[in-house]
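Residues per chain are reported as follows:
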Number of protein chains: 2
Amino acid sequence: MGELVVVALGGNAISPAGGTGSAPEQTRNLWASMEQVADLVAEGMDLVLTHGNGPQVGAILIKNEMARDVVPAVPLDWCVANTQATIGFVATTALSHHLRERGIARPVVPLVSRVRVDVDDPALTAPTKPVGPWFSEDEADTRRATDGHVYGPQGERGWRRLVPSPHPRESLDLDAIRLLRDHGAIVIANGGGGIPMVERDGRLEGIEAVIDKDLAAALLAHELEADGLSILTDVEGVAIGFGTADQDWLREVDLATMRAAADRGEFRAGSMGPKVDAACRFVAAGGTRATIGSLDRAGEVVRGRAGTTIVAGDPDA
Amino acid sequence: MGELVVVALGGNAISPAGGTGSAPEQTRNLWASMEQVADLVAEGMDLVLTHGNGPQVGAILIKNEMARDVVPAVPLDWCVANTQATIGFVATTALSHHLRERGIARPVVPLVSRVRVDVDDPALTAPTKPVGPWFSEDEADTRRATDGHVYGPQGERGWRRLVPSPHPRESLDLDAIRLLRDHGAIVIANGGGGIPMVERDGRLEGIEAVIDKDLAAALLAHELEADGLSILTDVEGVAIGFGTADQDWLREVDLATMRAAADRGEFRAGSMGPKVDAACRFVAAGGTRATIGSLDRAGEVVRGRAGTTIVAGDPDA
């Protein structure tokens, strides 16, 4: 096999903000993305795929809310599992098809996969990530009294539920991922950051939380001793002064420079910030390179020919 | 390994009719079932698991319906995938735990798995299986005009959507199932009958249909050349004259006798009928034995010590 790269597709790239979010639309986007992934595999790259699920979980939470007097709402761990299966089977069908067209018969396997977080992760008692529908302040108060969830103001559109975003510690289905990879399968794993689990009294249980999908991808890349991590999103790369007159796209940057930029607050929380953090963590833990770039140019980004590449040392030294 | 048995758990047994259908309730039921499964594994039985999802898909369809003006409804293939993931990861967590308690470290892998049906299966143009919420006749007419779905009267509670229930032809993820099994994993596959797919113009695509989970289990058992198929449900076995004064539980029956009883109309369509059909098909195709019985006595039923056992020849000959 060629070098191993863990490739993370953004949930927004599968179900873009301007779209309808329908199953046919997500299916079309996945078929297009998987064509690029198939080209990479055909070139001899060894890939493990993962994906985000923000819009998809959002849709399930809205359904939960609107039907809550008739059928029980499902918790967030179940929502994440839901999206792993739907994105997983559609991506598998598309990638298998594109691979067969290229004469490649490797199985593609979408794994329902769990990720352990620390039971005493401080994030678990301080929810910060907004999810699901918007409410007025009064509605949020009523909800809090009923369901015990945490709600917080989110700008002009109103209040939203806030959930914990704990740090991923261990991919619980790593044995299956390794076994499948060792026998030629292309695995899709840790989708949506993985199903969040804690160990309590010697038992694993799912929890109401959402793990950042880029951090879960970085963890998986580290666990698999991958050469590279590629985070594919809807912008062409990482920029200094993003959205300003002085915007400057970064092509190749060493870890220290990138971290200094992050510390200066160059990258937005909940957007480019966590992607840069995940990329830096992977390189700091020994990864050869991390790339961040546009899903439209997935092939070039994964190969390090487009987007932003982060490496350990000074590349010009 | 010991003899291979494909074990099918009923969706109603995971989420019983009298229950709330909540995630904690389904989780408790799965932890209890998986303890019995763990005992079978500890005894040396080689198992592949599958499960139904009727109540779980029903809940998603109600959410689809209630939120349909806000977020797009997901099609039935996506609903099936959803339930494979949730039931799959909870069952995996429970079974892994119970196995570890018995000193067994085998990985358990819940596969998002697809099943192909014939694109010209007559069932696809003649929907018969009722799913989702109930409507009045007027509401059903309005729905039909809007979504193009088929609706039919279902007794006093009103009308329901009718969907095709095509015959399963091929487990599309069999390579992955075999690979995992060959390396010691316990696989959960073809849940909810498998994600229904057809091949059209050389491409596989998901369709709006539901495959009978017992038929999909029988297919998988045949494909894997299993010795046994066990269908676990909420009654103690198969009875002649079920619910009458002459009710007679069957213990061990040969194929010809069971088929004759089915032909006489002894077993209800949509209930015991398809289970008996699936069991008979498996034995007719060369399986050693099929058992049908209560999930509460899973261990004994799988071993053929409780419930009803169907074998090829006359057991008393």
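Residues numbered from 1 in each chain as written. Chains lettered and ligands numbered in written order. Predicted model: local features only at pLDDT ≥ 70, side-chain atom pairs only at ≥ 80, totals over all residues. Heavy atoms only, no water.

Sorry if this is basic, but what is going on with the overall build of chain A here?
Per the secondary structure count, chain A includes ten helices and 17 strands. Its C-alpha radius of gyration of 19 Å places chain A within 12% of the 20 Å reference for a compact globule of 317 residues. Scored against the burial criterion, the 317 residues of chain A give a buried share of 59%. Accessible surface computed for chain A: about 12700 Å², of which carbon and sulfur atoms make up 47%. Between the averaged position of the 30 positive side-chain charges in chain A and that of its 45 negative side-chain charges there is a distance of 3 Å. (Helix = DSSP H or I, 4+ residues; strand = E, 2+ residues; numbered from the N terminus. Rg over C-alpha atoms; globule rule 2.2 N^0.38 Å. Buried < 20%, exposed > 50% of the residue type's maximum accessible area, 1.4 Å probe, protein only. Areas by Shrake-Rupley, 256 points an atom, 1.4 Å probe, with all protein chains shown as cover. Lys, Arg positive; Asp, Glu negative; His and termini not counted. Charge placed at Lys NZ, Arg CZ, Asp CG, Glu CD.)

Please clarify how the sheet that holds strand E7 (residues 159-163) of chain A should be interpreted in this entry.
Remark on secondary structure: sheet strands pair via backbone hydrogen bonds, oriented parallel or antiparallel. Residue and element names in this part refer to chain A. Read from one edge of the open sheet, three strands run E5-E7-E6, paired in antiparallel fashion. Two strands bound the open sheet, and with one partner strand each, they are strand E5 (129-135) and strand E6 (150-153). The sheet shows a mean angle of 40° between the axes of neighbouring strands, taken without regard to direction. Where E5 meets E7, five bridges bridge the pair, whose relative direction is antiparallel. Bridge pairing in E7 places Phe 135 opposite Trp 159. (Pairing = 2+ DSSP bridges. Axes fitted to C-alpha atoms, helices over the stretch in contact; angles between N-to-C directions.)

Whenever I open this one, the interface of chain B and chain A confuses me. Can you help?
Accessible area lost during the coming together of the parts is what is often quoted as the interface size. In this complex, chain B contributes 46 residues to the contact, which on the side of chain A involves 46 residues. Carbon and sulfur atoms supply 75% of the area buried between chain B and chain A, which totals about 4200 Å² over both sides. Run the count over chain B and chain A and you get zero salt bridges. When residues of the side of chain B that touches chain A are traced back to their parent elements, those giving at least two are helix H2 (23-42), helix H3 (54-66), helix H4 (76-101), strand E3 (108-110), helix H6 (174-182), strand E10 (195-200) and strand E11 (203-206) of chain B. A total of eleven residues in the side of chain B that touches chain A trace back to one element, the largest contributor, which is H4(B). Among the residues making up the side of chain B that touches chain A, the classes are represented as 28 nonpolar, 13 polar and five charged. (Contact = heavy atoms within 4.5 Å. Buried area = accessible area lost by both parts, 1.4 Å probe. Salt bridge = Lys/Arg side-chain N within 4 Å of Asp/Glu carboxyl O. Nonpolar A, V, L, I, M, F, W, Y, C, P; charged D, E, K, R; others polar.)

What's the story with the relation of the copies chain B and chain A in this structure? I'm lost.
Copies of the same chain, two in number, are related to each other by a rotation about an axis and a translation along it. Screw-axis analysis of chain B against chain A gives a translation of 0.0 Å along the axis, an RMSD of 0.0 Å, and a rotation angle of 180°. Both chain copies can therefore be described as sitting about a two-fold axis. For chain B, the minimum C-alpha distance to the rotation axis belongs to Asn82(B) and amounts to 2.1 Å. Most of the interface of chain B is mirrored in chain A, where 100% of its interface residues are also at the interface. (Least-squares fit on C-alpha atoms with pLDDT ≥ 70 in both.)

Would you take a moment to explain the nonpolar core for this structure?
A general tendency of soluble globular proteins is for nonpolar side chains to be buried together. Judged by nonpolar contacts, the single largest core of 91 residues is most densely connected at Met34(A), Leu47(A), Leu95(A), Met34(B), Leu47(B) and Leu95(B). No other element matches H4(B), which puts 13 residues into this core. The residues contacting Leu47(A), other than those within four sequence positions of it, are Leu4(A), Val5(A), Val7(A), Val37(A), Leu40(A), Val41(A), Ile186(A) and Val187(A). Within the second largest apolar cluster, 82 residues are counted, among which are Leu174(A), Ala261(A), Ala218(B) and Leu250(B). (Core = buried A, V, L, I, M, F, W, Y, C linked by side-chain atoms within 4.5 Å.)

What is the right way to look at the environment of Met272(A) in this model?
All names here are of chain A. Here Met 272 shows up in helix H9 (residues 272-284). Exposure remark for Met 272: the relative accessible area of 12% places this residue in the buried category. Spatially, the C-alpha atom of Met 272 lies 14 Å from that of Gly 52, the residues being 220 residues apart in sequence. In contact with Met 272, other than residues within four places in its own chain, are Val 235, Gly 237, Val 238, Phe 267 and Ile 292.

What should I look at first to understand the packing of helix H8 (residues 255-263) of chain A against H9(A) in this one?
Angle between the axes and distance between the axes: these two values describe a pair of packed helices. Residue and element names in this part refer to chain A. Orientation of H8 relative to H9, taken along the N-to-C sense of each, is 150°, at an axis distance of 10 Å. By the criterion of interaxial angle, the relationship of H8 to H9 is roughly antiparallel. Like other packed secondary-structure pairs, H8 and H9 cross with a definite hand, here left-handed. Mapping the contact onto sequence places Leu 255, Met 258, Arg 259 and Ala 262 in H8 and Val 276, Cys 280, Arg 281, Val 283 and Ala 284 in H9. Of the residues that constitute the contact of H8 with H9, the class distribution is seven nonpolar, no polar and two charged. (Parallel < 35°, antiparallel > 145°, perpendicular 65-115°, else oblique. Left-handed = near helix turned anticlockwise from the far one by under 90°.)

When you look at the pairing of E10(B) in this model, what are you seeing that I'm missing?
Note on strand geometry: in a regular strand, side chains alternate between the two faces of the sheet. Residue and element names in this part refer to chain B. Of the pairings in the sheet, the one linking strand E4 (residues 114-117) to E10 comprises three bridges and is parallel in character. Bridge pairing in E10 places Arg 114 opposite Ile 195. Where E10 and E11 come together, four bridges link them in antiparallel fashion. Looking across to E11, one finds that Arg 200 is bridged to Arg 203. Counting the residues that bridge the hairpin from E10 to E11 gives two residues, and of these Asp 201 lies at a positive phi of roughly 50°.

Looking at this structure, how should I read the sheet that holds strand E10 (residues 195-200) of chain A?
Residues and elements named next belong to chain A. Sheet architecture is open: four strands sit in the order E8-E4-E10-E11, paired in mixed fashion. The sheet terminates laterally at strand E8 (168-171) and strand E11 (203-206), the two strands that pair on one side only. Neighbour-to-neighbour, the strand axes of this sheet turn through a mean angle of 40°, independent of strand direction.

Can you help me understand unusual backbone geometry in this one?
The phi torsion of most residues other than glycine is negative, and most of the peptide bonds are trans. All names here are of chain B. A positive phi angle, near 55°, is found at Asn 190, a position not held by glycine. Inspection of the secondary structure assignment puts Asn 190 in the loop between strand E9 (186-188) and E10. A positive phi angle, near 50°, is found at Asp 201, a position not held by glycine. Structurally, Asp 201 is set in the loop between E10 and E11.

Shape is all these values report; function is a separate question.
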